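Now for the letters of each chain:
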Amino acid sequence: PLRGLRAAPYRRAPLHELAAVVREFAPDCVFHLAFATHSAAQGDLFRTKIEGTAALLDAIGPTRLVLGSSGGVYGEPRTLPVAETHPCEPADLYGVSKLAAEQVARVKARPIVARIFNVVGPGQTETHVCGRIGAQLASGASELEVGPLHATRDFIDVRDVAAALVGLGRAGQPGEVYNVASGRETAIESLLRDFIELSGRPVRVVRKSGIRTGIARQVADVSKLRPNARPLRDSLSDILRYYAD
């Protein structure tokens with residue numbers, strides 16, 4: 001249990017303060033998921049992912065570590081599905097910063113690296129496609145603004161991600177990389193159709209220009225971890241209920 005926590009403005013804690021917290025809590029395993037998002041400024045991306053990872057590793061010492069990385073480190077796939085042995089050629093600075101955090105961790109420790117693909121679920125911010133579509137549908141809007149629909153992604157429910165991370169904390173091999181994904185390739189267009197059908201009402205879809213597609217296709221090889229991923233439609237239903245409430 002974490003007692004006495006309260007919200008406070010962000011500040012970079014001195015290393016001795018972080019080390020003191022770790023000593024007091026005495027964790028058996030640390031899950032490092034504290035990172036800036038895709039939309040963060042360049043300085044924040046590299047400060048949190050590189051400096052933050054290095055500081056955390058200095059503080060925790062030999063404690064078992066599960067490092068939350070991203071499927072974005074692979075970049076545009078050469079082959080599908082993408083296995084953990086696929087070359088890493090990130091297509092944006094977010095992927096670069098995630099890969100840099102992995103390298104920092106490898107130099108300082110033997111992390112269990114979880115490369116997490118496209119997370120969905122209730123409470124997700126609207127900077128992500130599922131949160132954005134779910135919020136618009138639940139608002140009762142007659143028009144639905146969307147970006148490009150031809151790209152594909154590997155979506156996995158946030159609750160399944162959490163379960164996979166706990167499993168890696170218990171049984172993952174230090175120094176190994178694991179894809180955390182569903183292993184199912186889903187087109188954004190198919191996702192949109194399911195969302196509209198689940199909402200139970202007709203809407204007019206309006207294509208919004210100026211939105212980059214990024215990687216054209218993506219699906220992970222999950223034979224190494226084999227997570228128990230729930231159907232995507234269940235996750236979409238929960239997102240709609242979240243916004244309706």
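Throughout what follows, the structure given in this document is the object of discussion.

Cut-off values and rules
Residues numbered from 1 in each chain as written. Predicted model: local features only at pLDDT ≥ 70, side-chain atom pairs only at ≥ 80, totals over all residues. Heavy atoms only, no water. Helix = DSSP H or I, 4+ residues; strand = E, 2+ residues; numbered from the N terminus. Rg over C-alpha atoms; globule rule 2.2 N^0.38 Å. Buried < 20%, exposed > 50% of the residue type's maximum accessible area, 1.4 Å probe, protein only. Contact = heavy atoms within 4.5 Å. Areas by Shrake-Rupley, 256 points an atom, 1.4 Å probe, with all protein chains shown as cover. Lys, Arg positive; Asp, Glu negative; His and termini not counted. Charge placed at Lys NZ, Arg CZ, Asp CG, Glu CD. Pairing = 2+ DSSP bridges. Axes fitted to C-alpha atoms, helices over the stretch in contact; angles between N-to-C directions. Parallel < 35°, antiparallel > 145°, perpendicular 65-115°, else oblique. Left-handed = near helix turned anticlockwise from the far one by under 90°. Nonpolar A, V, L, I, M, F, W, Y, C, P; charged D, E, K, R; others polar. Core = buried A, V, L, I, M, F, W, Y, C linked by side-chain atoms within 4.5 Å.

Digging into the overall build of the protein
Then, number 1: Along the protein, the regular secondary structure elements total 7 helices and 10 strands.
Then, number 2: Over its C-alpha atoms the protein spans a radius of gyration of 19 Å, differing by no more than 12% from the 18 Å that the globule rule assigns to 245 residues.
Then, number 3: Principal-axis analysis of the C-alpha atoms places the extent of the protein at approximately 55 × 45 × 35 Å.
Then, number 4: Burial status across the protein gives 42% buried among its 245 residues.
Then, number 5: Considering only residue pairs separated by 6 or more positions, the protein has 84% of its internal contacts joining residues 24 or more positions apart.
Then, number 6: When the accessible surface of the protein is summed, it comes to about 13,200 Å², and 53% of that surface belongs to carbon and sulfur atoms.
Then, number 7: Distance between charge centres in the protein, computed from 31 positive and 26 negative side chains, equals 3 Å.

Structural notes on the sheet that holds strand β3 (residues 112–116)
Then, number 1: In spatial order, the strands read β1-β2-β3-β8; together these 4 strands make up an open sheet with parallel pairing. Both edges of this open sheet fall to β1 (29–32) and β8 (177–180), since each of them pairs with a single strand only. Looking at each pair of strands side by side, their axes are set apart by 20° on average, direction ignored.
Then, number 2: Sheet topology note: the β3/β8 ladder contains 4 bridges and is parallel. Residue pairing for β8: Ile116 is matched across the bridge by Val180.
Then, number 3: Along the sheet, helix α2 (residues 42–60) contacts β1 and β2 (64–70); its crossing angle with β1, the most-contacted strand, is approximately 175°.
Then, number 4: Lying on the sheet, helix α3 (residues 93–108) is in contact with β2, β3 and β8; it crosses β2 at an angle near 160°.

Points about the packing of helix α4 (residues 129–138) against helix α6 (residues 188–199)
Then, number 1: Put simply, α4 and α6 touch, their axes get as near as 11 Å, and they point 30° apart. Judged by the angle between their axes, α4 and α6 are roughly parallel. The handedness of the crossing between α4 and α6 is right-handed. Facing Val129, Cys130, Ile133, Gly134 and Leu137 of α4, the residues of α6 in contact are Ile188, Leu191, Leu192, Phe195, Ile196 and Ser199.
Then, number 2: Its residues assigned to classes, the contact of α4 with α6 shows 9 nonpolar, 2 polar and no charged.

Observations concerning the nonpolar core
Then, number 1: Within the largest apolar cluster, 18 residues are counted, with the highest numbers of intra-cluster contacts made by Cys130, Leu191 and Phe195.
Then, number 2: Of all the secondary structure elements, the ones that give two or more residues to this core are α4, β5 (143–146), α6 and α7 (232–244).
Then, number 3: In this structure, Cys130 is in contact with Val120, Gln124, Phe155, Leu191, Phe195, Leu236 and Ile239, ignoring residues within four places of it in sequence.
Then, number 4: Among the nonpolar cores identified, the runner-up in size contains 14 residues, and Leu57, Ala101, Ala105 and Val177 belong to it.

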